[in-house]
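This is what each chain is made of:
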Amino acid sequence: VPAESALKDIFAEDFHIGAAVSSNTIKSQESLLTHHFNSITAENEMKFASVHPEEELYTFEEADQIVDFARKHGMAVRGHTLVWHNQTTDWLFRDEQNQLVSKAVLYERIRSHIQTVVGRYKGDIYAWDVVNEVIADDGDQLLRTSSWTEIAGDEFIAKAFEYAHAADPNALLFYNDYNESHPSKRDKIYTLVKSLLDRGVPIHGIGLQAHWNLFNPSLDDIRAAIEKYASLGLQLQLTELDVSVFRFEDKRADLTEPEPGMLEQQAEFYEAVFKLLKEYSDVISAVTFWGAADDHTWLSDFPVRGRKNWPLLFDERHRPKPAYYRLAALA
Ligand SMILES: Oc1ccccc1CN[C@@H]1C=C[C@@H](O)[C@H](O)[C@H]1O
């Protein structure tokens, strides 16, 4: 069992501390996960394409393994994610002639999906990322164009929350997105969530994915985003926190290990971020990292396939990195 103070204890008075896991990492990272974290999220195993590959076929084995692991260790589980434009099967949007289906058919299909998936884990999963990443990154349009908007305009968003609430009235329902601290996208997310609230849609929280890097966002932008979202009276969670050592535009792929200065910069940034998050612990209910340690991170394949990254608090051998020790000192 790791010797260093548990993150979940360091922040016990502030917020839950979570990690994204896979059916592999609940084995390969078991002691790190059970020691430091009191919440987990399935990185991929609960996405539409993972659990519902064909209209008549659900495949829950790996999602069940993750929920069973959490139950065994008394950890909370966040469900990720029900409505998204990525990692979603084409059959959902198409008929036998491969034409886009009607709004009514799409709604019946997604209602059935949500009823089945949310219903299966009722009592085990306390919070769901009901809708992920519908806000457009660029331009004046509010929503990104997808099969969802092609078929159902913006109406599918409220429907998803209503279906999830019907499936589990006790679950906390989140809208989740990335680049959430960019002022322009922040204001769009605010506009969407406020419109849902004003129409009485059952939504309880906003998920800030927090896929950040050594260079951005600024602490001022993070603070402004927290303040803006908190003004809606909803709870906030950081849902996919990691700190890439590269700027998003930096495609360099020559490093086999982080440069020393990178780990020091990363420690500085993580320390400043968690000092800020503690200031807002009254509205932030959980902080989930998108992985537990650098031996498994989606950033080693995005945005540059096969380019290693070191974004988390523990290294590839699960040893604490400088950033961990800065957070431990905040206790
Ligand atoms: O940071 C981004 C930049 C562009 C597109 C998507 C994202 C983040 N997208 C996230 C990342 C990894 C996936 O496993 C998550 O399900 C997804 O929510």
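One structure accompanies this document, and this report is about it. (Residues numbered from 1 in each chain as written. Predicted model: local features only at pLDDT ≥ 70, side-chain atom pairs only at ≥ 80, totals over all residues. Heavy atoms only, no water.)

Let us now look at the overall build of the protein. Summing up its helical and strand segments, the protein has 12 helices and nine strands in all. For a compact globule of 331 residues, the expected C-alpha radius of gyration is about 20 Å, and the protein comes in at 19 Å, within 12% of that figure. Its C-alpha atoms give the protein principal-axis dimensions of about 55 × 40 × 40 Å. A total of 331 residues make up the protein; the buried ones form 56% of that total. Sequence separation of at least 24 residues holds for 76% of the intrachain contacts in the protein that already meet a minimum separation of 6. Surface accessibility of the protein: about 13800 Å² in total, with carbon and sulfur atoms responsible for 47%. The averaged location of the 53 negative side-chain charges in the protein is 1 Å from the averaged location of its 33 positive side-chain charges. (Helix = DSSP H or I, 4+ residues; strand = E, 2+ residues; numbered from the N terminus. Rg over C-alpha atoms; globule rule 2.2 N^0.38 Å. Buried < 20%, exposed > 50% of the residue type's maximum accessible area, 1.4 Å probe, protein only. Contact = heavy atoms within 4.5 Å. Areas by Shrake-Rupley, 256 points an atom, 1.4 Å probe, with all protein chains shown as cover. Lys, Arg positive; Asp, Glu negative; His and termini not counted. Charge placed at Lys NZ, Arg CZ, Asp CG, Glu CD.)

Residue placement: Asp294 occurs in the loop between strand S9 (284-289) and helix H12 (322-328). Look at Asp294 and you get buried, because its relative accessible area is 1%. Within the local environment of Asp294, its side chain forms a polar contact with the side chain of Lys321, the two groups lying 2.6 Å apart. Setting aside anything within four residues of it in sequence, one finds Asp294 in contact with Lys308, Asn309, Trp310, Pro311, Leu312, Phe314, Asp315, Glu316 and Lys321. (Polar contact = N/O pair within 3.5 Å; in protein donor to acceptor, adjacent residues only side chain to side chain.)

A few words on the nonpolar core. Residues Trp128, Phe161, Tyr175 and Phe274 are the most contacted members of the largest nonpolar core, which totals 106 residues. Beyond its immediate stretch of four places on either side in the chain, Phe161 contacts Val130, Val131, Leu173, Phe174, Tyr175, Leu196, Val201, Pro202 and Ile203. (Core = buried A, V, L, I, M, F, W, Y, C linked by side-chain atoms within 4.5 Å.)

Below, the discussion takes up the packing of aromatic side chains. Taken as a whole and judged by the stated rule, the model has 16 aromatic pairs. For the ring pair Trp212 and Phe269, a centre distance of 6.2 Å and an interplane angle of 80 degrees mean the geometry is edge-to-face. Of this pair, Trp212 sits in strand S7 (residues 211-213) while Phe269 sits in helix H11 (residues 260-279), and the two are 57 residues apart along the sequence. Above the plane of the ring of Phe246 lies Arg307, whose end atom (NZ or CZ) is 3.9 Å from the centre. (Phe/Tyr/Trp six-rings, centres within 6.5 Å; stacked < 30°, edge-to-face > 60°. Lys NZ or Arg CZ within 6 Å of the ring centre and 35° of its normal.)

Think of an α-helix as 3.6 residues a turn; residues three or four steps apart then line up on the same face. If you check helix H9 (residues 183-198), its first and last C-alpha atoms are 22 Å apart, about what 16 residues at 1.5 Å a residue would give, namely 22 Å. Taken as a whole, H9 has its buried residues at Lys185, Arg186, Lys188, Ile189, Tyr190, Leu192, Val193 and Leu196. For H9, the elements touching its buried residues are helix H8 (155-167), strand S5 (172-177), strand S6 (205-208) and helix H10 (219-230). Looking at the residues trailing H9, positive phi occurs at Gly200, about 75 degrees. (Expected span 1.5 Å × (residues − 1).)

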